[in-house]
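# Understanding the architecture of this molecule
Spelled out, the chains give:
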Amino acid sequence: MGPQDLLTMGEVAHRSGYAPSALRYYERLGLVSATRTAGGQRRYERSVLRRLAFVRAARTVGLSLEEVAAALDALPDARTPTRADWSRLSRAWRSRLDEQIAALEALRDGLDSCIGCGCLSLRRCAMSNPGDAAGRQGPGARWLPERLRQPAPEG
Ligand code: FES
């Protein structure tokens, strides 16, 4: 492969939709790799676009960056995910989406009883204190699946 086959950071950012800062961050996490020119500029193989598409899809499903890195690391020779890899992994992630949907439906149903109420009663409001169980789990939006409580993904 000649240097003309390699992509600059600007080209990867443009084609992937990820900001250069995200590309640098993902490189630090080992999600993508780049070589350096003599002048220290990053150069990427074209396959990086497929890796980034994989990262975006996995993040959309709700995987943490650590989980995405683990999934990529688990591929033979840490290769770029093939069609078959993506098909297999995405099947496994379906149950996660089912869990998230169920949790959001429960959240929505609880909210229904709040609409037009406004009491936020610790005793009877499903949102302010759902069965008192949420309080035992810690602060924050405990009814949301953990992955939906995480900050929005970078890039
Ligand atoms: S605000 Fe009254 S039940 Fe939630």
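Before going into details, it helps to say that this report is about the structure given with it.

Rules and cut-offs
Residues numbered from 1 in each chain as written. Predicted model: local features only at pLDDT ≥ 70, side-chain atom pairs only at ≥ 80, totals over all residues. Heavy atoms only, no water. Salt bridge = Lys/Arg side-chain N within 4 Å of Asp/Glu carboxyl O. Helix = DSSP H or I, 4+ residues; strand = E, 2+ residues; numbered from the N terminus. Buried < 20%, exposed > 50% of the residue type's maximum accessible area, 1.4 Å probe, protein only. Phe/Tyr/Trp six-rings, centres within 6.5 Å; stacked < 30°, edge-to-face > 60°. Pairing = 2+ DSSP bridges. Arc of directions from axis to C-beta. Contact = heavy atoms within 4.5 Å. Core = buried A, V, L, I, M, F, W, Y, C linked by side-chain atoms within 4.5 Å.

Now for the pattern of salt bridges. As enumerated under the stated definition, the model contains seven salt bridges in all. Asp-85 is paired through a salt bridge with Arg-88; the nearest N and O atoms lie 3.6 Å apart. Of this pair, Asp-85 and Arg-88 are both found in helix 5 (residues 83–112), three residues apart, which corresponds to roughly one turn of the helix. Here Arg-108 and Asp-109 are joined by a salt bridge, their closest N and O atoms 3.1 Å apart. Judged by its relative accessible area of 46%, Arg-108 falls in the partly exposed class.

Another point: the packing of aromatic side chains. Per the stated rule, a full pass over the model turns up five aromatic pairs. Between the aromatic rings of Tyr-25 and Tyr-26, the centroid separation amounts to 6.2 Å while the plane-to-plane angle is 40 degrees, which identifies the pairing as tilted. Looking at Tyr-25, the relative accessible area reads 24%, which means it is partly exposed. Taking the centre distance of 5.6 Å and the plane angle of 80 degrees together, the rings of Phe-54 and Trp-86 count as edge-to-face. Taken together, the residues Phe-54 in helix 3 (residues 48–61) and Trp-86 in helix 5 connect sequence positions 32 residues apart. Classification of Phe-54 as buried rests on a relative accessible area of 4%. Following the ring pairs from residue to residue traces out a cluster consisting of Tyr-18, Tyr-25 and Tyr-26.

Reading across from one edge, 1-3-2 is the order of the three strands in this open sheet, with antiparallel pairing throughout. Edge positions in the sheet fall to strand 1 (7–8) and strand 2 (35–36), since each has one partner strand and no second. Here two bridges tie strand 1 to strand 3 (residues 42–44), and the two strands are oriented antiparallel to one another. From the neighbouring strand, Leu-7 faces strand 3, where its bridge partner is Tyr-44.

With that settled, the discussion passes to helix 1 (residues 9–16). Within the span of helix 1, buried status applies to Met-9, Val-12, Ala-13 and Ser-16. Here the buried residues of helix 1 occupy an arc of 100 degrees about the axis, which is enough to place them on one side. Residues of helix 1 that are exposed and angled more than 90 degrees away from the buried face: His-14 and Arg-15. Taken together, the buried residues of helix 1 touch strand 1, helix 2 (20–29), strand 3 and helix 3. Just past helix 1, the residue Gly-17 takes up positive phi, approximately 85 degrees.

Okay, the nonpolar core next. Among soluble globular proteins, nonpolar side chains are generally buried collectively. Val-12, Leu-23, Tyr-26, Tyr-44, Leu-52, Val-68 and Trp-93 are the most contacted members of the largest nonpolar core, which totals 28 residues. When contributions to this core are tallied by element, the ones reaching two or more residues are helix 1, helix 2, helix 3, helix 4 (65–73) and helix 5. Residue contributions to this core peak at seven residues, all from helix 3. Setting aside residues up to four positions removed in sequence, Val-68 forms contacts with Leu-31, Phe-54, Val-55, Ala-58, Arg-59 and Leu-63.

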